[in-house]
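# Summary of structural features
The primary structure of each chain is shown beneath.
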Amino acid sequence: MKNTNDDRHLRLQQQIIHYRSEAASCKQQLQQLEAELAKEKMRSAYWKEKFREAETVNVETYKKKIAALERQLLLSEIALEEAEHHRSEGKQTTAEPTASVLALFHYSVVIPSHLDEEEMTVIGDFIIRNSGTTPLHHLIVCLRLSPPKTAVLSGKIVLPQSARAEQELLAASSGESWTFTQENWREKVRQNGEYWIAPLHGSPLEPGEERRFSQFEIAVRPSGSARALTVDGFVYCAELPKGVPAANHIAIQW
């Protein structure tokens, strides 16, 4: 009888040791699963935050693009209405020939994915229309960038130098080109942000005709304290020596 009790007691002890080992193993597995669960929660929170940031940036970028396009459309509509008004007035009157000009920016803004690291670019045309009843002679255009050192303008502009004849031949093959009106044009750009240009082939602008400073580009530098850029346009000619401002202007903020 004693041997039987001893065997039973031994088996119970062995079972207790086994169950304790199983319990320790289960506890260890539970701790591992809890650690993995905590890690996955942190991973999920991390990606949710990244998705939220990406969504916010994209939404703000598209909102700025839409606002700029809406403003451009509104200004274009106003300019067209003014042009139609001047045209109808010209038809209704038999007065002496009048000198009148309508200038308009038509542009778009290319916003980079990393605005603080890459340049923002403005691409467009400056359109000049003779809205009067007499030809306009010796056109001159002034494009003013404010603040002056925030951006750089480039386009089909021939330099006023000794190699001009050769440059004229190259420019003629790519459509209408312009030239700087002053030898010290770099100083004007540096001091006032003003680009004074004139058509390379200065034929008169007849009533109803258009002339364009086309496909210009403005590279906006991301560095510096300035967070906005304004581009104004003015048109001068022999008949309008005091100049006429454009019907709209370029204004961007970042």
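Throughout this document, residue positions are counted from 1 along each chain, in the order its sequence is written. pLDDT decides what is reported in this predicted model: residues at 70 or higher carry local features, side-chain atom pairs at 80 or more are listed and counted, and totals for whole chains, interfaces and linings draw on all residues regardless. Computation of side-chain values: all heavy atoms of the structure, hydrogens and water removed.

## Some thoughts on the overall build of the chain
Strands here are runs of E lasting at least two residues and helices are runs of H or I lasting at least four, both read from the DSSP assignment and numbered beginning at the N terminus. Counting its regular elements, the chain contains three helices and eleven strands. The linear arrangement of helices and strands in the chain, starting from the amino end, is α-β-β-β-β-β-α-β-α-β-β-β-β-β. Partly exposed describes any residue whose relative accessible area lies between the buried limit of under 20% and the exposed limit of over 50%, with all areas from a 1.4 Å probe on protein chains only and scaled to the type maximum. In the chain, which comprises 254 residues, the proportion classed as buried is 28%. Any two residues whose heavy atoms approach within 4.5 Å are treated as being in contact. Across the chain, contacts joining residues at least 24 apart in sequence account for 71% of those joining residues at least 6 apart. Total accessible area on the chain is roughly 16800 Å²; 54% of this is exposed by carbon and sulfur atoms. Accessible surface area values rest on a Shrake-Rupley calculation with a 1.4 Å probe, where residue burial reflects the displayed protein chains alone.

## What about the packing of aromatic side chains?
Two aromatic rings, drawn from Phe, Tyr or Trp (for Trp, its six-membered ring), form a pair once their centres lie within 6.5 Å of each other, and the interplanar angle then sorts them: stacked below 30 degrees, edge-to-face above 60, tilted otherwise. In the structure shown here, the tally under the stated rule is seven aromatic pairs. Residues Trp178 and Phe213 carry aromatic rings whose centres are separated by 5.9 Å and whose planes lie at 70 degrees to one another, so their mutual orientation is edge-to-face. On the criterion of sequence distance, the pair formed by Trp178 in strand S6 (residues 178-180) and Phe213 in strand S8 (residues 210-220) is long-range, its members being 35 residues apart. Comparing Trp178 with Phe213, the two get one shared label, buried. When the centroid spacing of 3.9 Å and the interplanar angle of 5 degrees are considered together, the rings of Phe180 and Trp185 count as stacked. Considered together, Phe180 and Trp185 belong to a single accessibility category, that of buried residues. Grouped by ring-pair contacts, the aromatic residues Phe105, Phe126, Trp178, Phe213 and Phe216 constitute a single cluster.

## Section: the pairing of strand S11 (residues 250-253)
Of the two faces of S11, only the one carrying Ile250 and Ile252 is buried; Ala251 and Gln253 on the other face are not. One ladder, built from four bridges, connects strand S9 (residues 228-236) with S11; its direction is antiparallel. Each bridged residue has a counterpart across the sheet, and for Val231 the counterpart in S11 is Ile250. What makes two strands pair is DSSP finding at least two bridges between them.

## Let's talk about the pairing of strand S2 (residues 120-130)
Across the eleven residues that make up S2, a large majority, nine, are buried. Alignment of strand S1 (residues 101-110) against S2, held across ten bridges, turns out to be antiparallel. When the bridges of S2 are listed, Phe105 appears paired with Phe126. For S2 and S8, the ladder comprises nine bridges, and the chain directions are antiparallel. Across the sheet, the residue bridging to Ile128 is Arg211, located in S8.

## Things to note about the environment of Lys64
As for its placement among the helices and strands, Lys64 is situated in helix H1 (residues 2-92). Once the C-alpha coordinates of Lys64 and Gln253 are considered, the two residues, 189 residues apart in sequence, prove to be 9.0 Å apart.

## Digging into the layout of surface pockets
Both site types are read off a 1 Å grid over the protein atoms alone. A 1.4 Å probe that fits but cannot get out defines a cavity, while an open set with protein on both sides within 12 Å along at least five of seven lines defines a pocket; lining residues have an atom within 4 Å of a point. Grid points are joined across faces, edges and corners, and a volume is the space filled by probe spheres set on the points. Estimated volume of the largest pocket: approximately 470 Å³. Thr61, Lys64, Lys65, Ile111 and Gln253 are the residues nearest the centre of the largest pocket, which is lined by 22 residues in total. Elements with a contribution of two residues or more to the lining of the largest pocket: H1, S1 and S11. The greatest single-element share of the lining of the largest pocket, amounting to ten residues, is contributed by H1. Residues belonging to the lining of the largest pocket are distributed by class as follows: 13 nonpolar, five polar and four charged. Residue type decides the class: Asp, Glu, Lys and Arg count as charged, Ala, Val, Leu, Ile, Met, Phe, Trp, Tyr, Cys and Pro as nonpolar, and the leftover types, Gly among them, as polar.

## Comments concerning the sheet that holds S8
Adjacent strands of a sheet form backbone hydrogen bonds with each other and so pair up, either parallel or antiparallel. Reading across the sheet, the four strands line up as S1-S2-S8-S4 and stay open at both edges, with antiparallel pairing between neighbours. Unpaired on one side and paired on the other, S1 and strand S4 (151-154) mark the two borders of the sheet. The sheet shows a mean angle of 25 degrees between the axes of neighbouring strands, taken without regard to direction. Axes here refer to lines fitted to C-alpha atoms; in helices the fit is confined to the stretch in contact. Angles between the N-to-C directions go from 0 to 180 degrees.

## Side note on the environment of Phe105
Within the secondary structure, Phe105 sits in strand S1. In this structure Phe105 comes out as buried when scored by relative accessible area, which is 0%. Residues Phe105 and Phe126, 21 residues apart in the sequence, show an inter-C-alpha distance of 4.7 Å.

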